[in-house]
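# Structural overview for review
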Amino acid sequence: MRGVAHPPASWPQPIPTLTAPTSAPAVDTLSVEVAQSVVAGTCMRCHNPRRVSGGMSLETFEVTSASDNAVIAERMVRKLRAGMMPPVGVRRPTPDSLRTLAAVLESRLDAAWEANPNPGRRTFQRLNRAEYSRSIYDLLDLDIDAGDYLPLDTKSANFDNIADVQLLSPTLMDGYLRAASEISRLAVGDPEVTPSEATFRVSRWTSQAEHVEGTPYGSRGGVAVDHNFPADGEYAFRVSFHHETTGALFGNGKGALHTTDEPERIEISIDGERVALLDIDRWMHVSDPDGVNLRTDPVFIEAGPHRVAAAFIRTFEGPSQDLMSPHDWSIASTSITDAYGFTTLPHLRDLAVTGPFAPAGMSPTPSRERVFSCRPSTPEEEVRCAEAILSRLGTRAYRRPLTDDNLAALMNLYRAGAGAGGFEEGVRLALEGILASPHFVFRFEERPAREADGVYALDDYDLASRLSFFLWATGPDDELLEVAAEGRLSNPAVLDAQVRRMLADPRAEALATRFAGQWFRL
């Protein structure tokens, strides 16, 4: 469909737009003659070999063969429908004549396309960072940052989902495989996981004087993050601070007009509950044994996603009586921290979570509830339960029903894992196989064998994928897959109803934050 543009409101005089009709009118010989007369009598005044306005001459242009000059004809249609041609100050034909010219050009272009349709083709298309993160969340109820595993997406015209520039490399494939391994362990849980450290950095431009969203009220600055704890166990936290160029703690109060002997304190909280309160030594230095870092004792935390916050206890309110007005951010320069007349505050540089130490099993988590839709009570039930779990997850991940070969391959992975570590390890290894499968990572569209060389309609499953990734930046949900399975999605009325349902879903915000944001470079 052609969109109808409108001229800016700031134009010196109103120019009527020529709204496209809802259905193409029949074009008779008289209409063609009227259209050609407009081209010859009006357009040619500027678009001739001598003036070549807009880099275009219409001396040899015939409306009856508009499809032979499709690029020029499309430009003419856009300008006519927007009311931009003829331009302001030029004698204009009647609106009916201009509408006739636009209609004749459209009918010739549409007829040529219908006689020889060429929608183009694409090879594979893979999930980019945003689509990967959203697909994992929909599949496993697990919030991850795909940037932890995948390199930056290549772009074309500022869009990060253009198939032609989505190249493959060993680094990229290694990222997808590593992500599949780690995410499957986070989703199912790993009671034998070894300790590791996750670090969350704080920009030096982030204000440490104001409350940070997600941290407890009554605090200032710091950082709040959502972190997935892989198993029940003890975890330790480390906070580090920015320092002066000489190595002393930034924000030690040496240059402030008003100081206090009360030490600054920083609180570590889990889901809003305090688990540690640390005093900050104002004289700490990078040359100290542990530098400008503070560490907590190990704290027991259950597996699953938790909000972790590190924030300073607020000890004052109101404006700072400085000699100069402070910047909105905390660190204007680390070299002026001890200059007289500046109130400086300790600035958090990063928060690190280390563990688990002595893992103690797995508590229920949202992702485990999503994965384990059944629980076998006897060894004989394990295979049937695993098949049910993998069929459900595989269908959502592959965005179409599993074939017998697909399910057999996943069950082979299950048996290999179950033989080494039991039922849950078998499901985890099969889940890793799902996430590493080309059917999940790539969006293949296989043309029907009978239409190997011609133009063909997308099947309903491919249409469902295109629709959901455009509106939601993730795969189809259960309802959309069900409609596709019934073969009804290609029905225009059903398609319209599904589009309206999906636009009403909160996931449709991706249409603005991704498509519109990249389109307008916001």
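Residues numbered from 1 in each chain as written. Predicted model: local features only at pLDDT ≥ 70, side-chain atom pairs only at ≥ 80, totals over all residues. Heavy atoms only, no water.

## As for the packing of aromatic side chains
- Following the criterion strictly, the structure yields 11 aromatic pairs and no others.
- Judged by centre distance (6.1 Å) and plane angle (75°), the rings of Tyr 414 and Phe 423 are edge-to-face. Of the two residues examined, Tyr 414 and Phe 423, each falls in the buried class.
- Centre to centre, the rings of Trp 519 and Phe 520 are 4.4 Å apart; their planes meet at 25°, and the pair counts as stacked.
- Following the ring pairs from residue to residue traces out a cluster consisting of Phe 159, Phe 470, Phe 515, Trp 519 and Phe 520.
- One residue, Arg 375, lies across the ring of Phe 372, its end atom 4.2 Å from the ring centre. (Phe/Tyr/Trp six-rings, centres within 6.5 Å; stacked < 30°, edge-to-face > 60°. Buried < 20%, exposed > 50% of the residue type's maximum accessible area, 1.4 Å probe, protein only. Lys NZ or Arg CZ within 6 Å of the ring centre and 35° of its normal.)

## Re the pairing of strand E8 (residues 304-313)
- With respect to burial, E8 is a largely interior element, 8 of its 10 residues being buried.
- Pairing of strand E2 (residues 219-229) with E8, which is carried by 9 bridges, proceeds in the antiparallel orientation. Among the inter-strand pairings, Ser 219 is bridged to a residue of E8, identified as Ile 313.
- Bridge count between strand E4 (residues 265-270) and E8: 5 bridges; the pairing is antiparallel. Following the sheet pairing, Ile 268 is matched in E8 by Ala 310. (Helix = DSSP H or I, 4+ residues; strand = E, 2+ residues; numbered from the N terminus. Pairing = 2+ DSSP bridges.)

## Here's the deal with the environment of Pro 376
- Tracing the chain through its elements places Pro 376 in the loop between helix H6 (366-371) and helix H7 (379-398).
- For the pair Pro 376 and Ala 386, spaced 10 residues apart in the sequence, the C-alpha separation amounts to 8.8 Å.
- Those residues in contact with Pro 376 that lie beyond four places of it in its chain are Glu 381, Glu 382, Cys 385 and Phe 423. (Contact = heavy atoms within 4.5 Å.)

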